[in-house]
Structure formats: structure tokens, C-alpha cells
Amino acid sequence: MNRFLLYDVNPGEGFNLRRDVYLRMANLVKMLNKVQLWTLVLPAWNHLYHWRSDVNQTNIPWYTFFDIGSLNKHVPVIEFHDFVKVMDGRPIDDVIYFQHYKEGWGGKWVEKMDDRECNDNHPFYQLEDGLWHWYMPNITSVRFKCVSIQAEYSFLKDYLIHNLSNSWAVMFPRGEQVMHGEYSEWTARRSVRFSKDLVSIGDKFRSTMLDSDDFRDQTVMEDNWKKMKRKHGDALGGPYLAAHLRRRDFLYGHQDKLPSMKAAAQRINEILDDLHLKKVFVATDASGEELEGLKINIKPSVEVYRYQGDKNVLRKYGDGGVAIIDQWICAHARYFIGTTSSTFSFRIHEEREILGFRQETTYNAFCVDGNSACEQPSKWKIIY
Ligand code: GFB
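Residues numbered from 1 in each chain as written. Predicted model: local features only at pLDDT ≥ 70, side-chain atom pairs only at ≥ 80, totals over all residues. Heavy atoms only, no water.

Q: Can you lay out the side chain of Asn 269 for me, pointing to particular residues and giving the numbers?
A: Tracing the backbone shows Asn 269 in helix α9 (residues 261-275). Overall, the relative accessible area of 12% leaves Asn 269 in the buried class. The residues touching Asn 269, leaving out its near neighbours within four places in the chain, are Asn 297, Ile 298 and Lys 299. (Helix = DSSP H or I, 4+ residues; strand = E, 2+ residues; numbered from the N terminus. Buried < 20%, exposed > 50% of the residue type's maximum accessible area, 1.4 Å probe, protein only. Contact = heavy atoms within 4.5 Å.)

If you want it as C-alpha cells, here you go:
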């Protein structure tokens, strides 16, 4: 029997943490497949808090953003809309709603999970048909329960194989509640490649605006990620500096870590001088007006670029697609500097690690004004 694992993430979480939760679930499915045949159902992308463009951004399949063939080389995956066809009206068996222990962690890390009363309001409700329903159309469940958990994803392997042995499909709506685990996350991470369409839009921007192409930049990739192994220093990068400047809600949540636009421009000027570069690519969620505050403080001899998808790109790939194109361009720069604590910047670090950049050119972050020696991002060395 082919069994299916569905998952989702707390609706408030952003795109790049969701990508991280995918790694945990994919690795769980990897472990399960050593014992039984399991397929991971990719949750359709629905309107996220940060996606503000005036285009329809609901029920977006993963192939819009990622290369499904590459994901499938790590574990069997299926798009949500294809799973709905497989279901053919049949309910799934179990929805397990993970939550914290209400009483806290208890000071000592032990892996555990227990059936508990639900802590929060959740979107699941039982109707007269006896089935559990929620915001996903066309999908119901026979059983629902809340489970308090503190564990790595590997802890769930035995639970799924033994405790839920009769379930053909199980859903974890709060996948972010389980932690990373024993498998090398890098294998799963390497399997998450961007869709060829988005890569090609990013490459076109690199070549027309930034004099950047894979051959000269030493960033040619193998078609099959399993065959790609790079050492630090193999990649050179295009002749531009890339900066990720996270603004908007970060200005409130992380104001102690964010530079003013003036300070960011000063730092950009310094790096450009050091590296003798004349172009800077800025990825940001800042408003146009805020970005002007940066530009006026960058040396006049420097060309400043930002990628903003035209209407067609936005309609087809949404804000998620534009963000990926930004990340792709940042990943190919000679030098990258990002925003402390932003998962958007973290995903760029990983992309550059896969491409084989020297770590000094990747793990850099802007400092808050007045503290030029702030803590820099920790280095996550690729392991093959
Ligand atoms: O990706 P994300 O989870 O990263 O959320 P953080 C930030 C979102 O803002 C991205 C947009 O997914 C994009 O939609 N965004 C940010 C950008 N920077 C850029 C950029 O340079 N270019 C483009 N095109 N879009 C966390 C959130 O954000 O911040 C949490 O996940 C919470 O929900 C926390 O809001 C404060 O880790 O930066």
C-alpha cells in the first residue's frame, strides 16, 4: 500500500521558513521509505502575509516555484491537487495537530509526544457526517486530535508505522512544531531546486544588467543535483555585489539588528571599494521611497539594480516567484551581504554554499547603526 503524508505550516509563517519545514517532512518520508512506501503531499501555496501584489495567489502548486523532478530524486512527492484526484472523495484517516506542551519544556530536552486537549483555536470542525472539515476544500478526515510534542522528525517514524499502521493518509497541519533531526539536511536541501522558468528569468537579468553568466562566473550546475559536488572557492560569481535588505515587518520585530538605509549604503560603498566592483544588486521588500534613501547615499559612479517582475511575471509566478528570482540573482553575486535573522537571507547562503562560493563572500550581514562589529551569520558548511 502506498501511504501519504500531508503537512502544513502555521498560517502566519513566511515562505522561507516553510521551505525549511519541507526539509524536515521530506527527511521523515525518506526514513519511512526504508520500511514502507510513503509519498509526501506538497501543500499548495496559499496567500501568505508578505504577498501583497494585486494578483491571485491561492492554491499555487509547487511546480510554479520548484523543480518537482529534483524533489522526487530525494523522496516521492505529489502535488496537492494530484493527491485530491487520488483521494477521489475518500477522507484521509488522521489529522494530528501538533502543539507545544502547555506547561513548557520542563527544562530538560527529552523527546516526547502526548495526546492533549487543544491549546489553541484551530480551524478543524466536525460536521454531521462525522468527518472533520477545514479550510482545504475537497478534503476531510475520519479522526482529528491535538498532540503536544517536543521531538525531532525522526521520532515520528515509529508513530506513523506502528501507532497509525492502519491509516493510508495522515496529515500534520503544524509541521513547524517538529525539529530538525539526524539526517543530513543538506541532501534534502540540495534537492530543492528552483523551477527552470524562474532560473531562466533570473539568468536573463544577470546577463543583460549585471554582465553575469554561469560560464564566466564559474557557477555552471549539474542537471542532476546528486552529481553536483563543489568545494569552497570553485565559484567566482558575477561582477556585482548583492545585498538583501529586509524591511517592512522586520523593522518592528528586529529593529535592534537592522541598519538605516544610510548606514546600509555606507557599508555597500565600502565593500564595492574593497572588491573594485561598480554594480550592486539590491533585493528588498522596501518601498520605492525607502529604496531612494539607499540610492542617494551610494556613490554616484555605482549602478544600482533591483528586480521587479513585470505584470506578466507577477501574474504567472506571484510574489513568491519574484522573491525566488531575487534570491537566485543574489546567489550568483561575487559577494553577498544579507539581513541578520532573515530566513530569506539564510536560503541565499545555502544556495551559495551549493554553488561553491568561498564562505567569506557569503556569510555577511549588515549591522545596526553604530555597531560595525555585530555578530555575523553562522556558517553552515555543506556536507555531501
Ligand atoms: O521569506 P520570509 O519568511 O523571510 O518572509 P523572513 C519574508 C517575505 O517578504 C518573503 C518578502 O517571502 C518575500 O515575500 N521579501 C522579503 C522579499 N525580502 C524580500 C526581497 O528581498 N525581495 C522580495 N522580492 N521579497 C520572517 C517571516 O521573514 O519575518 C515571519 O517569515 C515573520 O513570518 C518574521 O514575519 C518577522 O525570515 O525574512
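Alright, that's what it looks like, and here's the rest.
Q: Give a detailed account of the nonpolar core, specifying residues and quantitative values.
A: Leu 5, Tyr 22, Phe 172 and Phe 281 are the most contacted members of the largest nonpolar core, which totals 71 residues. In this view, Phe 281 contacts Phe 205, Leu 210, Tyr 240, Leu 241, Ala 242, Ala 243, Tyr 305, Arg 306, Tyr 307, Asp 326, Ile 329 and Cys 330; residues no more than four positions away in its chain are not counted. (Core = buried A, V, L, I, M, F, W, Y, C linked by side-chain atoms within 4.5 Å.)

Q: Give me the site of the ligand: which residues, what numbers.
A: Residues in contact with the ligand amount to 20 residues; listed here are only the nearest, Asn 16, Arg 246, Asp 249, Ser 342 and Thr 343. Asp 326 has a polar side-chain atom sitting 2.8 Å from a nitrogen atom of the ligand. Coverage of the ligand by the protein amounts to 86% of the 710 Å² it exposes when considered alone. Going through the elements one at a time, α1 (15-32), β11 (279-284), α11 (311-331) and α12 (343-355) are the ones with two or more residues in the shell around the ligand. For the shell around the ligand, the element with the highest residue contribution is α11, accounting for three residues. Here the shell around the ligand is composed, by residue class, of seven nonpolar, eight polar and five charged. (Near = heavy atom within 4 Å. Polar contact = N/O pair within 3.5 Å; in protein donor to acceptor, adjacent residues only side chain to side chain. Areas by Shrake-Rupley, 256 points an atom, 1.4 Å probe, with all protein chains shown as cover. Nonpolar A, V, L, I, M, F, W, Y, C, P; charged D, E, K, R; others polar.)

Q: Kindly report on unusual backbone geometry, identifying the contributing residues and their values.
A: Phi is mostly negative for residues that are not glycine, and the peptide bonds are mostly trans. With a phi angle near 50°, Asn 59 is a residue other than glycine that sits in the positive phi range. For Asp 88, which is not glycine, the phi torsion reads 50° and is therefore positive.

Q: Run through the environment of Ser 287, naming residues and quoting values.
A: Residue position: Ser 287 is located in the loop between β11 and α10 (288-295). Of the residues examined, Ser 287 reaches a relative accessible area of 30% and is grouped as partly exposed. With 39 residues separating them in the primary sequence, Ser 287 and Arg 248 have C-alpha atoms 8.4 Å apart. Ser 287 has contacts with Arg 248 and Arg 306, leaving out every residue within four places of it along the chain.

Q: Any details on the packing of α1 against helix α4 (residues 155-163)? Residues and values, ideally.
A: Axis separation between α1 and α4 bottoms out at 9 Å; the angle between their running directions is 55°. With respect to their mutual orientation, α1 and α4 come out oblique. When the axes of α1 and α4 are compared, the crossing they make is right-handed. For the pair formed by α1 and α4, the contact residues are Leu 28, Met 31 and Leu 32 on the first element and Leu 156, Lys 157, Leu 160 and Ile 161 on the second. Of the residues belonging to the contact of α1 with α4, the class tally is six nonpolar, no polar and one charged. (Axes fitted to C-alpha atoms, helices over the stretch in contact; angles between N-to-C directions. Parallel < 35°, antiparallel > 145°, perpendicular 65-115°, else oblique. Left-handed = near helix turned anticlockwise from the far one by under 90°.)

Q: Quick one: what's the story with the sheet that holds strand β13 (residues 333-337), residue by residue and with numbers?
A: The parallel open sheet is built from four strands, whose spatial order is β12-β11-β10-β13. A single partner strand is all that each edge strand has here, and the edge strands are β12 (303-305) and β13. With direction set aside, neighbouring strand axes in the sheet form an average angle of 25°. Sheet topology places β11 next to β12; three bridges connect them, and they run parallel. Bridge pairing in β12 links Val 280 to Val 304. (Pairing = 2+ DSSP bridges.)

Q: Can you break down the state of the cysteines residue by residue, with the values?
A: On inspection of all chains with the given rule, the structure shows two disulfides. Between the sulfur atoms of Cys 367 and its disulfide mate Cys 374 the distance is 2.0 Å. Every disulfide takes its handedness from the sign of the S-S torsion; for Cys 367 and Cys 374 that torsion is -80°, giving left-handed. The pair formed by Cys 367 and Cys 374 is uniform in burial state, with each residue classed as buried. For the protein chain, the bonded cysteines connect in the pattern 1-2, 3-4 when numbered consecutively along the sequence. Here Cys 330 stays unpaired: no disulfide links it, and the sulfur of Cys 367, its closest cysteine neighbor, is 18 Å away. (Disulfide = S-S within 2.5 Å.)

Q: Describe α1, with residues and values.
A: Spanning 18 residues, α1 covers 26 Å between terminal C-alpha atoms, matching the ideal 26 Å at 1.5 Å per step. Of all the 18 residues making up α1, 16 are buried; the element is thus mostly covered by neighbouring parts of the structure. (Expected span 1.5 Å × (residues − 1).)

Q: Give me the lowdown on the side chain of Arg 230, citing residues and values where you can.
A: Assignment of secondary structure puts Arg 230 in the loop between α7 (214-217) and β10 (238-245). What makes Arg 230 buried here is its relative accessible area of 18%. Separated by 3.2 Å, the side chains of Arg 230 and Glu 222 make a polar contact. Arg 230 has contacts with Val 220, Met 221, Glu 222, Ile 354, Leu 355, Gly 356 and Tyr 384, leaving out every residue within four places of it along the chain.

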